[in-house]
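# Architecture at a glance
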There are 2 protein chains.
Amino acid sequence: MAQRQMKLGFMMHGNGTGWGDWRHPDAQPGASTDFAYYRRQAQIAEAARFDFLFVADSVHITPKSSPHYLNRFEPLTILSALAAVTDHIGLVGTLTVSYAEPFNVARQFASLDQLSGGRAGWNVVTSWLEGSARNYSREKHYDHATRYRLAAEHLDVVQGLWDSWEDDALVHDKASGRFFDPDKLHRLDHRGDFFQVEGPLNIARSPQGQPVIFQAGASEDGRDFAAARSDAIFVQPGDLAGAQAYYADVKRRAAGFGRDPDTLFVLPGLRPVIGSTEAEAERKYQAFTGLTSIEDALLIMARSFNEHDFSQYDLDAPFPDVAHVAANSNRSTSERIIALARAENLTLRQTAQRFATPRTDFIGTPEQVADAFGRWFTGRGADGFVFNNSLPDELSVFADTVVPILQARGLFRTEYEGTTFRDSLGLAKPANRNTTRRLAAE
Amino acid sequence: MAQRQMKLGFMMHGNGTGWGDWRHPDAQPGASTDFAYYRRQAQIAEAARFDFLFVADSVHITPKSSPHYLNRFEPLTILSALAAVTDHIGLVGTLTVSYAEPFNVARQFASLDQLSGGRAGWNVVTSWLEGSARNYSREKHYDHATRYRLAAEHLDVVQGLWDSWEDDALVHDKASGRFFDPDKLHRLDHRGDFFQVEGPLNIARSPQGQPVIFQAGASEDGRDFAAARSDAIFVQPGDLAGAQAYYADVKRRAAGFGRDPDTLFVLPGLRPVIGSTEAEAERKYQAFTGLTSIEDALLIMARSFNEHDFSQYDLDAPFPDVAHVAANSNRSTSERIIALARAENLTLRQTAQRFATPRTDFIGTPEQVADAFGRWFTGRGADGFVFNNSLPDELSVFADTVVPILQARGLFRTEYEGTTFRDSLGLAKPANRNTTRRLAAE
Ligand SMILES: Cc1cc2nc3c(=O)[nH]c(=O)nc-3n(C[C@H](O)[C@H](O)[C@H](O)COP(=O)(O)O)c2cc1C
Ligand SMILES: Cc1cc2nc3c(=O)[nH]c(=O)nc-3n(C[C@H](O)[C@H](O)[C@H](O)COP(=O)(O)O)c2cc1C
């Protein structure tokens, strides 16, 4: 059997995520809407044989939002542009089920999938910011449980629409004038609690059949949803033990849903800091950390607590009792923060700093960082990683120094396996449900 | 004063519009989802100095839909991909206000505008197909008058969101940690009949300030909406007299709304057929016409009559009385068809053929076609044209033979005037309403 190899994604964030990266001397603060910047990074990632580019998203800002939320590209448009200047790398976009019509979502991802030759992926999120509702003519954001019920139905509709056309439905017979075979074009006729969608979709399946599904749910409902429905899970674990526990849990859930757990990839997001020596890596790490003021750290943490105002508390008193404010927000992260503060008896200041600028296993020389990747991967804390550092040179340094080590160890590919994103992931093209049904009936 | 010059757009349709183009010997029937095909055509149009690419749209199909509706790219995604492989040409996408959230619409066009360096345009449509509602969890399509009220409010919201960030709001001061000036970021706080949207938008203005607005309304309500709100009107007139009447009418309406009528461009869509001799042009025209069966012609016409089933009538009897079925559909076109049939006492067969494969002024040698362009343009039937023939070679033939004549006559540009779409159109960058308001208050 071929050696198991890790999957690598690159988080495209322009001017960085929440560490105050935009203030780094190397940073280009306007990068989040600079197409040339995105193109360059996409091409570096592709040259290094990354599996995919990942674009996060949110649909509500306030003057207190982190810089990387304030001004940035919308995922489907930037990924479509990147499709035109890349050939192999997967293109994963985040889109919330709470505020987009399934027919539009299905079409846009199918269109990205077609124009990229089968490289699209959808990170299905439910949106964690209460304010989002106010940008969409709604009084209130759906509660957490409802969001996951809606997400399941939304995904049913989207995936159903993606199968509207059987793979050989378009016959294009000029002589007879038969453009397609009407027996192979299918309405969906979905009638559910949240959506009623007739179909069919007005775009055919791509070479990979359907876009790849990502998910980042972390609560009980979220884990079940991810284990049942996604091809890849994007997580943000604190340490290897936490990663292993999460990994084992979602793989077990996947098996429980009758799936082969190896077709579900668990991919922690992380921020390696690479130096030619340990001392240089440490200097770089301190430089990053120093960019995040305590005020920023409080705001970053607040995003997992429904934008709660932490500035009202004494910074050097024990972490305040705020479990209630996160009930309908990003619960898994907020629970992790509260547990950390309790376990180590941290003050508010210490908790915020630990959350906003965590010290991780991935700081050191290329060898050390490659070792850490290998440890997490072979130790079943991860099936791969999402590299999350947008500074101009950090991706190149990783590509030039760590990737070759991983390749030499047989832990990462040296060539793309095929042309589609599913080819890279080793996932089969899914059968079209309508073909299956039609053949069964025949 | 510089000579008035015509604007040229190219309608991107992959495998063509309704003439059965996909059956033409030169046609590639899969072109509508072939990115390489779109890229090639976009680059030919840009090399010929076209003002813009135009992507039409619809959100409902049935097995009876024309081939070019059945399987095609979604506009925002394909235009974003084309933005990455072009530098000057405008990128105009059709998107219906009836079935897309204004916050999402504003974001996606703003994102396209940013990544293209200020080249986006939005063709604001209300959707004319009753079935659309059934893809969006709605029982019924909005009635015609409501659609235009909704369109006006939707556009208010979108344009308001596009001004969320004043042009100098992002200060990016690394030393002080000031990413932006909060006084220059504005909520919208829209509360209307159809939408309640708080804002602000999470993407800054592009170099052209706001995307260009296209419209194709043709009814009374539609003309008023277009004259009041759009920068360009896309029309499908039958002949020069009809074009002139429409032109005069909407320019008068624009003046009535207090606008300079020269900032509103009336752009008929047309399908030149160019031959090196008249006889060759005629042969090409007959070849096109012959591709459309009478059954196809009925279906094409039916799109303006709410997908009415015309096959139930005697083909050689007078055109049936069907005014009622089109009341809530594409009324201006259906009324024109009915009027034509009455005026010339046509049978159903004759009417359908005339509508599906019209003989126009634009069939002939390059000189003759250039003459016709000039006649319509200087005769104030048009401010420019949208070239609507997707066959592989027709755009190149036009670019190589007709464009140079128009340029030699001073009727069309030889170089782009600037970098944005507004630069090409000679339209000023709109002032940001929030800047204006803030300065007035200061
Ligand atoms: C690494 C990671 C990245 C995420 N990215 C996004 C994102 O870009 N947009 C978003 O709305 N939510 C994002 N989320 C939030 C998840 O979609 C989900 O709401 C969150 O993990 C809370 O999980 P739960 O809803 O199961 O409690 C992300 C979560 C994680 C762990
Ligand atoms: C040349 C032309 C192109 C049009 N393209 C589209 C289109 O791509 N999508 C769409 O939904 N409607 C399209 N329309 C329809 C118009 O948006 C509008 O609904 C139609 O002209 C009827 O006008 P009225 O609603 O004012 O009666 C087009 C109309 C014309 C004249």
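Residues numbered from 1 in each chain as written. Chains lettered and ligands numbered in written order. Predicted model: local features only at pLDDT ≥ 70, side-chain atom pairs only at ≥ 80, totals over all residues. Heavy atoms only, no water.

Per an unreviewed UniProt entry, chain A is named LLM class flavin-dependent oxidoreductase, and its organism is Paenirhodobacter populi. Note on chain A: under the UniProt heading Sequence similarities (unreviewed entry), the record states "Belongs to the NtaA/SnaA/DszA monooxygenase family." (UniProt positions renumbered as here; feature names shortened; annotations may be inferred.)

Mapped onto the elements, Ile 363 of chain A comes out in strand S13 (residues 363-364). Looking at Ile 363 of chain A, the relative accessible area reads 16%, which means it is buried. (Helix = DSSP H or I, 4+ residues; strand = E, 2+ residues; numbered from the N terminus. Buried < 20%, exposed > 50% of the residue type's maximum accessible area, 1.4 Å probe, protein only.)

Let's shift gears to the domain arrangement of chain A. Residue and element names in this part refer to chain A. By the assigned domains, chain A splits into domain 1 (7-277 + 359-441) and domain 2 (293-356). Summarising the inter-unit geometry, the C-alpha centres of domain 1 and domain 2 are found 28 Å apart. Counting residues at the interface gives 19 residues for domain 1 and 12 residues for domain 2. Across the domain 1 to domain 2 interface the summed buried area is about 1,500 Å²; carbon plus sulfur atoms make up 43%. Of all residues in domain 1, Lys 64, Trp 128 and Glu 130 give up the largest surface area on contact with domain 2, accounting jointly for 34% of the area buried on that side. Between domain 1 and domain 2 we count zero salt bridges in total. One can count two residue pairs in polar contact (both at pLDDT 80 or more) joining domain 1 with domain 2. (Domains from an automatic or database assignment. Contact = heavy atoms within 4.5 Å. Buried area = accessible area lost by both parts, 1.4 Å probe. Salt bridge = Lys/Arg side-chain N within 4 Å of Asp/Glu carboxyl O. Polar contact = N/O pair within 3.5 Å; in protein donor to acceptor, adjacent residues only side chain to side chain.)

Now for the environment of Ala 48 of chain A. Secondary-structure assignment places Ala 48 of chain A in the loop between helix H1 (35-47) and strand S2 (52-55). Separated by 212 residues in sequence, Ala 48 of chain A and Asp 260 of chain A place their C-alpha atoms 29 Å apart.

For the rest of this paragraph, the subject is the sheet that holds strand S10 (residues 232-235) of chain B. Residues and elements named next belong to chain B. One closed barrel accounts for eight strands, arranged S1-S2-S3-S4-S9-S10-S11-S14; its pairing is parallel. If you compare each strand with its neighbour and ignore which way they point, the axes differ by 30° on average. Sheet topology places S10 next to strand S11 (residues 265-270); four bridges connect them, and they run parallel. Note that in S11 the partner of Val 235 across the bridge is Pro 268. (Pairing = 2+ DSSP bridges. Axes fitted to C-alpha atoms, helices over the stretch in contact; angles between N-to-C directions.)

Across chain A, the average pLDDT comes to 93, with 98% of residues at 70 or higher. Across the interface, the model reports ipTM at 0.93; the global pTM reads 0.94. (pLDDT = per-residue confidence, 0-100.)

The next subject is the relation of the copies chain B and chain A. The transform that puts chain B on chain A rotates by 180° and translates by 0.0 Å along the axis, for an RMSD of 0.1 Å. Both chain copies can therefore be described as sitting about a two-fold axis. When C-alpha distances to the rotation axis are compared across chain B, the minimum falls at Ala 81 of chain B, with a value of 2.0 Å. Taken as a fraction of all interface residues of chain B, those also at the interface in chain A reach 100%, which identifies the copy contact as same-surface. (Least-squares fit on C-alpha atoms with pLDDT ≥ 70 in both.)

For the rest of this paragraph, the subject is the sheet that holds S2 of chain A. All names here are of chain A. Spatially, S1-S2-S3-S4-S9-S10-S11-S14 is the arrangement adopted by the eight strands of the closed barrel, whose pairing is parallel. Across the sheet, the axes of successive neighbouring strands diverge by a mean angle of 30°, strand direction being ignored. Two elements, S2 and strand S3 (residues 90-96), share four bridges in a ladder whose sense is parallel. Bridging from a neighbouring strand, Leu 53 pairs with Leu 91 of S3. Helix-sheet contacts for helix H3 (residues 75-83) involve S2 and S3, and the interaxial angle to S3 is about 170°.

Across the boundary between the two partners, chain B contributes 71 residues, which contact 71 residues of chain A. When chain B packs against chain A, the two sides together hide about 5,800 Å² of surface, and 55% of this comes from carbon and sulfur. Sorting the residues of chain B by area buried against chain A places Arg 107, Lys 174 and Phe 179 of chain B first, and these three jointly supply 12% of that buried surface. On the surface where chain B and chain A come into contact, there are four salt bridges. Across the pair Asp 57 of chain B and Arg 107 of chain A runs a salt bridge, and its minimum N-O distance is 2.7 Å.

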